[in-house]
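# Structural overview for review
One letter stands for each residue in the lines below.
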Amino acid sequence: MADRTGVRRWVRRAVVGAAAVAGFGVVVAQPPAKLPPSVPAAGESTRTVAVISTAGGKVAISQEEFGKFLTDRGGADKLELFVNKRIIEAEAARLGLTVTTQEMEAALKQDMEGITVKYDEFVKIVLPKYGKTLYEWMEDVVRPRILLGKMCKDEVKVEEADLKIQYERLYGEKRRIQMVLYPLNDQKTAEKLFAQARTSQDEFDSVARSQPNPALAAAKGFVAPISRHLPGEDKAVENVAFKLKVGEVSEMLKTAQGFVFVKLHEVVPPNANTSFEKEKDRLFAAAYDEKLQLHIPKKFAELKQKAQPQIVYMPPKEWQALTPAGGLGSVINPTGGK
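Report on the accompanying structure. (Residues numbered from 1 in each chain as written. Predicted model: local features only at pLDDT ≥ 70, side-chain atom pairs only at ≥ 80, totals over all residues. Heavy atoms only, no water.)

## Points about the nonpolar core
Counting residues in each nonpolar core, the largest one holds 42 residues, and the members touching the most others are Val117, Phe122, Trp137, Val142, Leu148 and Met151. When contributions to this core are tallied by element, the ones reaching two or more residues are helix H2 (79-95), helix H3 (101-114), helix H4 (119-129), helix H5 (134-151), helix H6 (160-171), helix H9 (214-218) and helix H11 (280-307). Examining the composition of this core, we find that nine residues originate from one element, H11, more than from any other. With 15 residues, the next largest nonpolar core counts Leu216, Leu230, Leu253 and Leu264 among its residues. (Core = buried A, V, L, I, M, F, W, Y, C linked by side-chain atoms within 4.5 Å. Buried < 20%, exposed > 50% of the residue type's maximum accessible area, 1.4 Å probe, protein only. Helix = DSSP H or I, 4+ residues; strand = E, 2+ residues; numbered from the N terminus.)

Below is the structure:
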């Protein structure tokens, strides 16, 4: 995903994380090879989620029945997301951290700017390809990422050298490119599309629009102008972009992200209307943000290690016996949380 200062591994990697319970002792339900009957006996349901009328009278649909319905139809793959989400929320509650609507809207705007797409394109093109609604993106990606960022606030340090790198990124010479990224497991298709894209601008546009990466496809392969000192392991795109002449298409590159080829559209000259000293505050913010995004996954890994979630299945009566408050979402900590 591209970010606002260039290409941050070409696509911002969202932290789709989430949760546990206070004290970091957690028991979560996930289906074993064969689930026992999960429709609870009378009085065992913690909540009725719907009531339907039948010829024999009214029938209540329990929370447990609905949960089993989702699990049996593939909902189990969302369990880890939910558990991770709770881990983050529990730690945030312990630290007194919250997220405002304004913060979430600002983060969403940043995500869209990072991949140079407008709101409608983000909602209609990008999110469906990630299998998410806007609500899911905000709750499963944006909110946890902001909370983790707040937890890392005092753990991120910025040095003078970081500011100088940011200055060249922001105000140094740049290259405006159009990019196609194709998976490493399909080299033949990548080579075919590469040959097609080189024939004309219309063909390059067509290939760029149909590439598998949804963010790049939505932007027709265009990313924010790239500079020197791109973050990430791969420097291949940066290196080739600064060697091309305007209108030229690079060779197809094999990188850790996939097969890549780019077309140079414009050389953007350095900004001569500013100075390092004048921009120090902005440089600090950019350097801090970059280091923060790298630190967030480490922070979450640390939280998850402390949480040590256990994957189990238990009938409602046993579940309730483990919850001091007697309800779903209460502290579940049979081992004392140590």
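## Observations regarding H6
Between its first and last C-alpha, H6 extends 16 Å over 12 residues, near the 16 Å set by a 1.5 Å rise per residue. For H6, the full list of buried residues reads Asp162, Leu163, Gln166, Arg169, Leu170 and Tyr171. Down the axis of H6, the buried side of the element spans an arc of 155°, and every buried residue falls inside it. Opposite its buried face, H6 presents the exposed residues Ala161 and Lys164, each directed more than 90 degrees away. The secondary structure elements touched by the buried residues of H6 are strand S6 (174-182) and H11. (Expected span 1.5 Å × (residues − 1). Arc of directions from axis to C-beta. Contact = heavy atoms within 4.5 Å.)

## Observations concerning the pattern of salt bridges
Per the stated rule, a full pass over the model turns up 15 salt bridges. For Glu89, the salt bridge goes to Lys85, with nearest N and O atoms at 2.9 Å. Of this pair, Glu89 and Lys85 both sit in helix H2, four residues apart, which is roughly one turn of the helix. Assessed through its relative accessible area of 29%, Glu89 is described here as partly exposed. The exposure class of Lys85 is buried, given its relative accessible area of 13%. Overlapping salt bridges bring together Glu155, Lys299, Glu302 and Lys306 as one network. (Salt bridge = Lys/Arg side-chain N within 4 Å of Asp/Glu carboxyl O.)

Don't take any of this as a statement about function, it's just geometry.
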